[in-house]
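# An overview of the molecular structure
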Amino acid sequence: MKTFRLSSNEIKILTDMKGGCIASDRITVDGQKVGYAYREDPDKNFSNDSGWRFLAGDESEEYLNSPNNFDVFEISTICNYDPNILDILDGKIGESYIRDSNTFKLDF
């Protein structure tokens, strides 16, 4: 059983963007900021997928290969963990972003 950093009553609606995303437990359980984000084609296996994926950026390959280290969340939930991602949510499919201090830059 996971213990998330934020409880459900702490989550506020911070964006009107709808849809699910996948986030690493390094963010939602360990409390790290988003260090790397990318948007891919939405996964047709889960409804309303936005295609956004959020990582702390320090996950090892072994960590990344374990599905138990990730969960599906509403976009607005992850914005509560790291409001700086609000600036990149208009990103296009195929784009990736890396944290540079408190902002994100396109990762080519």
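Relevant structure appears above.
About the cut-offs
- Residues numbered from 1 in each chain as written.
- Predicted model: local features only at pLDDT ≥ 70, side-chain atom pairs only at ≥ 80, totals over all residues.
- Heavy atoms only, no water.
- Helix = DSSP H or I, 4+ residues; strand = E, 2+ residues; numbered from the N terminus.
- Rg over C-alpha atoms; globule rule 2.2 N^0.38 Å.
- Buried < 20%, exposed > 50% of the residue type's maximum accessible area, 1.4 Å probe, protein only.
- Contact = heavy atoms within 4.5 Å.
- Areas by Shrake-Rupley, 256 points an atom, 1.4 Å probe, with all protein chains shown as cover.
- Lys, Arg positive; Asp, Glu negative; His and termini not counted.
- Charge placed at Lys NZ, Arg CZ, Asp CG, Glu CD.
- Pairing = 2+ DSSP bridges.
- Core = buried A, V, L, I, M, F, W, Y, C linked by side-chain atoms within 4.5 Å.
- Phe/Tyr/Trp six-rings, centres within 6.5 Å; stacked < 30°, edge-to-face > 60°.

## As for the overall build of the protein chain
- Tallying secondary structure elements over the protein chain gives three helices and six strands in all.
- Its helices and strands in sequence order give the protein chain the pattern β-α-β-β-α-β-α-β-β, from N to C terminus.
- Relative to the 2.2 N^0.38 estimate, which gives 13 Å for 108 residues, the radius of gyration of the protein chain is 13 Å and therefore close to what a compact globule would have.
- C-alpha atoms of the protein chain, sized along the principal axes, occupy 35 × 35 × 35 Å.
- For the protein chain, buried positions account for 41% of its 108 residues.
- Considering only intrachain contacts with a sequence separation of at least 6, the fraction spanning at least 24 residues in the protein chain is 66%.
- Approximately 6,600 Å² of the protein chain is accessible, and the part contributed by carbon and sulfur atoms is 48%.
- Within the protein chain, one finds 12 positive and 20 negative side-chain charges whose respective centroids are separated by 4 Å.

## Structural notes on the pairing of strand S5 (residues 96-100)
- Sheet topology places strand S2 (residues 36-39) next to S5; three bridges connect them, and they run antiparallel. Among the inter-strand pairings, Tyr38 is bridged to a residue of S5, identified as Ser96.
- Between S5 and strand S6 (residues 103-106), which pair antiparallel and follow one another directly, the connecting turn spans two residues, one of which, Ser101, has a positive phi of 65°.

## Focus on the nonpolar core
- Ranked by size, the top nonpolar core spans 18 residues in total, and within it Val34, Trp52, Phe54, Ile78 and Ile85 carry the most contacts.
- Those elements giving two or more residues to this core turn out to be strand S1 (20-24), strand S3 (49-55) and helix H3 (75-81).
- Among the elements that take part in this core, H3 stands out by supplying four residues, more than any other.
- Leaving out residues up to four positions away in the same chain, Ile78 has contacts with Cys21, Ala23, Thr28, Val34, Phe54, Phe73 and Ile85.

## Section: the packing of aromatic side chains
- Tallied over the full model, the rule gives five aromatic pairs.
- Taking 5.7 Å as the distance between ring centres and 85° as the angle between the ring planes, the aromatic pair formed by Phe4 and Phe73 counts as edge-to-face. Residue Phe4 is found in the segment before S1, and its partner Phe73 is found in strand S4 (residues 70-74); the two are separated by 69 residues along the sequence.
- When the ring of Tyr63 is compared with that of Phe70, the centres are 6.3 Å apart and the planes differ by 65°; the resulting orientation is edge-to-face.
- Accessibility expressed as a relative area gives 16% for Phe70, which makes it buried.
- The structure contains a cluster of three or more aromatic residues connected by ring pairs, namely Trp52, Phe54 and Tyr97.

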